[in-house]
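Chain residues, written in single-letter form:
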Amino acid sequence: MVPRVHLPPEIQLAQRLAGNEQVTRDRAVKRLRKYIVARTQRAAGGFTHDELLKVWKGLFYCMWMQDKPLLQEELGRTIAQLLHAFQTTEAQHLFLQTFWQTMNREWTGIDRLRLDKFYMLMRMVLNESLKALKTRGWEERQMEQLLELLTTEILHPDSQAPSGVKCHFLEIFLEELSKVGAAELTADQNLKFIEPFCAIAARTRDPLVLHNITRGVFEAIVEQAPFAIEDLLDELDAQEGEEGTSEDEEGERDAPSAEPGSPRGAAPPDRSDESLGRGEDAVGPVLQFDYEAVAGRLFAVASEQSTPSQNRKRLYKVIRKLQDLAEGTFPEDDIPEKAYRNLRDEEQERRPRKRLPKARSQNHPGKGRKEDSCPDPSSGSKRRMRRRRRRRRRGSGAEPVAPQEQRGGPGGRGAQKKRRRLRAGAKAKGARCQELQTEQRLLQGQK
């Protein structure tokens with residue numbers, strides 16, 4: 001009897017995570033969470049790089065097997081929150097590193113029907129990694145470690161990340177950062193978050209990466225500038241209102257309380273509602289940036305000699321926009337003029353083209369009296385003559401005949417008939433023109 005091979009717990013969990021039954025997969029996820037907590041609590045515990053790669057392979061196929069959008073969203077959130085089960089920062093970073101390595105390795109095998117669920121999983125894992133930073137108070141050292149990890153595994157030219165992973169990461173990074181830390185992060189901290197993108201944009205040789213960084217990070221900052229300044233003004237107004245209320249608290253204690261619909265009682269809730277919702281034009285929380293500092297940082301990396309010329313040109317355009325923002329000029333000021341130009345161009349395209357006036361003598365009494373403008377009555381005879389020529393050619397013998405001996409040649413009957421028809425057509429054409437001229441004179445005399 002062959003002895004039973006005892007598999008490591010990581011492999012057993014990975015096999016159950018990739019099982020066919022949903023009940024088996026759900027139980028495996030719960031056991032994995034308990035196993036992570038129990039193992040990382042020990043001083044000599046922890047996971048190796050290969051062990052976490054096996055765990056992530058099981059989690060990847062657990063997500064692969066999950067159907068129905070709501071269940072996929074729930075499972076993705078559960079998998080992403082496994083990050084908080086690790087008790088040490090080093091173990092969390094290793095868990096994130098193996099996740100991105102797994103996505104890079106398995107990305108080319110994902111079909112288009114399952115692509116959305118893994119886009120969602122990447123967004124959720126990034127969100128939870130930023131929340132882990134938030135729980136530690138946005139420590140500078142932890143920020144640097146996380147940014148180095150993301151740059152190495154995704155954005156670095158030597159990384160194995162496919163274009164789909166890079167594009168999606170650059171698209172969601174600022175969105176998730178604003179969701180997690182827009183209310184707490186300062187302009188200096190936000191500048192540190194985008195410094196790796198400045199360096200990559202300056203030295204990358206991939207035009208797709210340059211375009212996605214410029215569009216997803218720098219131009220997004222420019223587009224969100226009006227909302228960021230609006231949030232800042234609302235915050236300053238709220239602080240001034242709180243200071244004014246604290247000064248007048250003693251005098252208003254004995255005064256009757258304001259009605260719920262009064263302006264004084266309703267001001268603070270209205271401000272918060274406007275700053276959070278903004279009605280129909282809601283864009284969510286927006287990060288604050290020092291635009292002059294961002295422009296200076298970009299100029300420092302773009303002006304280096306090692307920066308390719310195409311990268312430098314693209315970054316200089318963004319730098320000009322950021323410098324305009326620092327001086328108080330918003331890009332929205334140019335929108336009405338551009339919209340007016342577009343509307344004018346569209347209106348010109350919609351206008352029907354003017355038809356050329358007909359060169360008939362009755363439309364223009366004193367102009368255009370040319371014989372060419374009159375209809376040619378001999379056009380039908382010309383067509384009949386061409387048909388007769390084709391029939392004669394078809395009926396001719398196989399032996400070629402000299403040009404002078406052919407029917408319709410220069411001295412034959414065909415040429416004589418042709419000359420007669422042309423003369424008759426010219427006479428009819430002139431007679432028709434004379435009739436039109438006489439009719440026009442009669443009409444002018446009656447007027």
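Residues numbered from 1 in each chain as written. Predicted model: local features only at pLDDT ≥ 70, side-chain atom pairs only at ≥ 80, totals over all residues. Heavy atoms only, no water.

Engineer: Help me understand the overall build of the protein in this model?
Structural biologist: Tallying secondary structure elements over the protein gives 18 helices and 0 strands in all. Within the protein, buried positions represent 34% of all 447 residues. Long-range pairs, those at least 24 residues apart, make up 72% of the contacts in the protein with a sequence separation of at least 6. Counting every atom, the protein has about 29700 Å² of accessible surface; 49% of that belongs to carbon and sulfur. (Helix = DSSP H or I, 4+ residues; strand = E, 2+ residues; numbered from the N terminus. Buried < 20%, exposed > 50% of the residue type's maximum accessible area, 1.4 Å probe, protein only. Contact = heavy atoms within 4.5 Å. Areas by Shrake-Rupley, 256 points an atom, 1.4 Å probe, with all protein chains shown as cover.)

Engineer: So what exactly am I meant to see when it comes to the nonpolar core here?
Structural biologist: General note: in soluble globular proteins, nonpolar side chains tend to be found buried as a group. Counting 90 residues, the largest nonpolar core has F169, F173, F193, F197 and F218 as the members making the most contacts within it. If you tally residues by element for this core, the top one is helix α6 (residues 115-135), at 9 residues. The residues touching F173, leaving out its near neighbours within four places in the chain, are L126, L147, L150, F193 and F197. (Core = buried A, V, L, I, M, F, W, Y, C linked by side-chain atoms within 4.5 Å.)

Engineer: Got a minute to help me understand empty space enclosed by the protein in this structure?
Structural biologist: Gaps left between atoms show up when a probe the size of a water molecule is rolled over them. As enumerated under the stated definition, the model contains 3 cavities of 30 Å³ or more in all. Taken as a whole, the largest cavity encloses approximately 50 Å³ of empty space. Breaking the lining of the largest cavity down by element, the ones donating at least two residues are α5 (89-106), α6 and α7 (140-155). Split into classes, the residues belonging to the lining of the largest cavity amount to 5 nonpolar, 4 polar and 1 charged. (1 Å grid on protein atoms, 1.4 Å probe; cavity = no way out; pocket = protein on both sides within 12 Å on 5 of 7 lines; lining within 4 Å. Points joined across faces, edges and corners; volume = space filled by probe spheres on them. Nonpolar A, V, L, I, M, F, W, Y, C, P; charged D, E, K, R; others polar.)

Engineer: Teacher, can you tell me more about the side chain of E10 here?
Structural biologist: Secondary-structure assignment places E10 in helix α1 (residues 9-17). For E10, a relative accessible area of 4% puts it in the buried group. The contact partners of E10, leaving out residues within four places of it in the chain, are Y35, R39, F47, E51 and V55.

Engineer: Would you explain the packing of α6 against α7 in this entry?
Structural biologist: A pair of packed helices is characterised by two quantities: the angle between their axes and the separation of those axes. Closest axis-to-axis distance for the α6/α7 pair is 10 Å, and the angle between their directions is 160 degrees. In terms of axis orientation, α6 runs roughly antiparallel to α7. Remark: the crossing between α6 and α7 carries right-handed chirality. In this structure, α6 uses L126, S129, L130 and L133 to contact α7, whose residues at the interface are Q142, M143, L146 and L150. Per-class residue counts for the contact of α6 with α7 are 6 nonpolar, 2 polar and no charged. (Axes fitted to C-alpha atoms, helices over the stretch in contact; angles between N-to-C directions. Parallel < 35°, antiparallel > 145°, perpendicular 65-115°, else oblique. Left-handed = near helix turned anticlockwise from the far one by under 90°.)

Engineer: What should I look at first to understand the confidence of the model for the protein in this one?
Structural biologist: Segments scoring low in pLDDT should not have their predicted coordinates read at a detailed level. Here the protein averages 77 in pLDDT, and 62% of its residues register 70 or above. Across residues 333-340, where pLDDT falls below 50, the model places 0 contacts with residues more than four positions away in sequence or in other chains. A low-confidence stretch, residues 396-412 stays under pLDDT 50, and its non-local contacts, those more than four residues away or across chains, total 9 contacts. (pLDDT = per-residue confidence, 0-100.)

Engineer: Even after reading the chapter, I still don't get the packing of helix α8 (residues 163-181) against helix α9 (residues 187-203), so can you show me in this structure?
Structural biologist: Relative to each other, α8 and α9 sit at 170 degrees, their axes nearing to 12 Å. One finds that α8 runs roughly antiparallel with respect to α9. Between α8 and α9, the contacting residues are F169, L170, F173, L174 and L177 on the first element and F193, I194 and F197 on the second. Considered class by class, the residues forming the contact of α8 with α9 number 8 nonpolar, no polar and no charged.

Engineer: Got a minute to help me understand a positive patch on the surface in this structure?
Structural biologist: A cluster of like positive charges, contributed by R16, R27, K30, R31 and K34, occupies part of the molecular surface. A per-element tally of the positive patch places helix α2 (residues 22-41) first, with 4 residues. For K34, the location among the structural elements is in helix α2. (Patch = residues over 30% accessible without salt bridge, like charges linked within 9 Å, V, L, I, M, F, W, Y side chains within 5 Å. Salt bridge = Lys/Arg side-chain N within 4 Å of Asp/Glu carboxyl O. Lys, Arg positive; Asp, Glu negative; His and termini not counted. Charge placed at Lys NZ, Arg CZ, Asp CG, Glu CD.)

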